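# Examination of the molecular architecture
Next come the chains, spelled out residue by residue.
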Amino acid sequence: MSSRDRVLGRVRRALAEVAPDERPYEEVVGRAYARRHGRRGVGETVELLAENLADYRAVVHRSDAEELPYLLMRLLNQRGSEEMLVPPWLPPEWLSAADPVRLHDRRALTPHRMDRVGSVVTGCAVAIAETGTLVLDGSPDQGRRRLTLIPDHHICVVRVPDQVVSSVPEALERLEPARPLTWISGPSATSDIELDRVEGVHGPRTLEVVLLTTADH
């Protein structure tokens, strides 16, 4: 008898002892835990997001729709990016003032070629205030995961307050689990046994987040 057969045999014997009328596991285990911590208004939630993003060494900017194209132009110029990656359906007005050459994600665009691109600009699916986390789900304004993992500079635009939630449970309610979810808490970073922090190991070294106030707020 193989190890696999022994393990499965034990599982079958354990399940055989369950009474037919016993309540299933998902009903026995309580799920009435808190969905958020504390009571915050919309403004306080956005401020908490900005604070936690900064704690993770992301650079936070604020803008409205009219100022956004000029803010993105300045950020890209300050970075010195001659080229930028853009998802297929990023709102064109966002980059109407930007100078760098725009590259779209196509099959011919290899990872080696993408590594020479200075910046990438995307939207996001949801931003979580309590953890300072951005979640991308591969939607048309975010593109495939590789767009935000290879370039060294990522600018992510978050629509405020529509895309901002307080907690992880609230974010999960908005997300489709079958989509390719990327959870971002600050720039890519790791540390060795001496606790020396190294950024840019498996993603962008620099993350800039633009909190875009929508017209209704």
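Everything below is about the structure printed above this text.
Quick caveat: nothing in here was measured; it's all calculated off a predicted structure.

## Some words on the pattern of salt bridges
For the coordinates displayed, the defined rule picks out ten salt bridges. Here E130 ties to R40 by a salt bridge, and the two come within 2.8 Å at their closest N and O atoms. One end of the pair, E130, is in the loop between β5 (126-128) and β6 (133-136); the other, R40, is in the loop between α2 (25-28) and α3 (42-55), and 90 residues separate them in sequence. Given the relative accessible area of 23%, E130 is considered partly exposed. Take R40: its relative accessible area is 23%, and that puts it in the partly exposed class. We note a salt bridge from R79 to D152, for which the minimum N-O separation is 3.3 Å. Of this pair, R79 sits in helix α4 (residues 68-79) while D152 sits in the loop between α6 (146-149) and β7 (153-160), and the two are 73 residues apart along the sequence. Given a relative accessible area of 25%, D152 falls into the partly exposed group.

## A short note on α4
Helical geometry note: an α-helix holds 3.6 residues per turn, so side chains three or four residues apart project in the same direction. Here α4 contains twelve residues, and its C-alpha end-to-end distance of 17 Å stays within 8% of the 16 Å for a straight helix at 1.5 Å per residue. Taken as a whole, α4 has its buried residues at L68, P69, L71, L72, L75 and L76. The buried residues of α4 all sit within an arc of 165° when viewed along its axis, so they share a single face. Directly beyond the C-terminal end of α4, a positive phi value near 75° is found at G80.

## Observations concerning empty space enclosed by the protein
Empty pockets left among the atoms are what a rolling probe the size of a water molecule brings to light. Scanning all chains against the criterion turns up one cavity of 30 Å³ or more. Estimates place the volume of the largest cavity at around 30 Å³. If you go around the largest cavity, the residues you meet are L136, G138, Q142, G143, R144, R145, T148, P180 and T182. Partitioned by chemical class, the residues of the lining of the largest cavity number two nonpolar, five polar and two charged.

## Here's the deal with the environment of P180
Locating P180 in the fold gives a position in the loop between α7 (168-174) and β9 (182-184). For the pair P180 and S139, spaced 41 residues apart in sequence, the C-alpha separation works out to 9.3 Å.

## Some words on the layout of surface pockets
The calculated volume of the largest pocket comes to roughly 170 Å³. Surrounding the largest pocket, 15 residues form its lining, I184, G186, P187, S188 and P204 being those nearest its centre.

## Focus: the sheet that holds strand β4 (residues 119-122)
Taken in spatial order, the six strands of this open sheet run β1-β12-β7-β4-β2-β3, and their pairing is parallel. The outermost strands of the open sheet, each flanked by one partner alone, are β1 (59-64) and β3 (101-104). Put simply, the sheet's adjacent strands are angled 25° from each other on average, direction ignored. Sheet analysis places β1 next to strand β12 (residues 206-213), joined by six bridges and oriented parallel. Within the sheet, the bridge partner assigned to V60 lies in β12 and is V209. The strands that α3 touches are β1, β7 and β12; relative to β1, the one it contacts most, it runs at about 145°. Packing of α4 onto the sheet brings it into contact with β1, β2 (83-86), β4, β7 and β12, and relative to β12 it is tilted by some 170°.

## Thoughts on the sheet that holds β6
Within a sheet, neighbouring strands are paired by backbone hydrogen bonds and run either parallel or antiparallel to one another. One open sheet accounts for four strands, arranged β8-β5-β6-β9; its pairing is mixed. On the outer flanks of this sheet lie β8 (164-165) and β9, each paired with one strand and no other. Of the pairings in the sheet, the one linking β5 to β6 comprises three bridges and is antiparallel in character. Its bridge partner being in β6, V126 is matched across the sheet by V135.

Calculation criteria
Residues numbered from 1 in each chain as written. Predicted model: local features only at pLDDT ≥ 70, side-chain atom pairs only at ≥ 80, totals over all residues. Heavy atoms only, no water. Salt bridge = Lys/Arg side-chain N within 4 Å of Asp/Glu carboxyl O. Helix = DSSP H or I, 4+ residues; strand = E, 2+ residues; numbered from the N terminus. Buried < 20%, exposed > 50% of the residue type's maximum accessible area, 1.4 Å probe, protein only. Expected span 1.5 Å × (residues − 1). Arc of directions from axis to C-beta. 1 Å grid on protein atoms, 1.4 Å probe; cavity = no way out; pocket = protein on both sides within 12 Å on 5 of 7 lines; lining within 4 Å. Points joined across faces, edges and corners; volume = space filled by probe spheres on them. Nonpolar A, V, L, I, M, F, W, Y, C, P; charged D, E, K, R; others polar. Pairing = 2+ DSSP bridges. Axes fitted to C-alpha atoms, helices over the stretch in contact; angles between N-to-C directions. Contact = heavy atoms within 4.5 Å.

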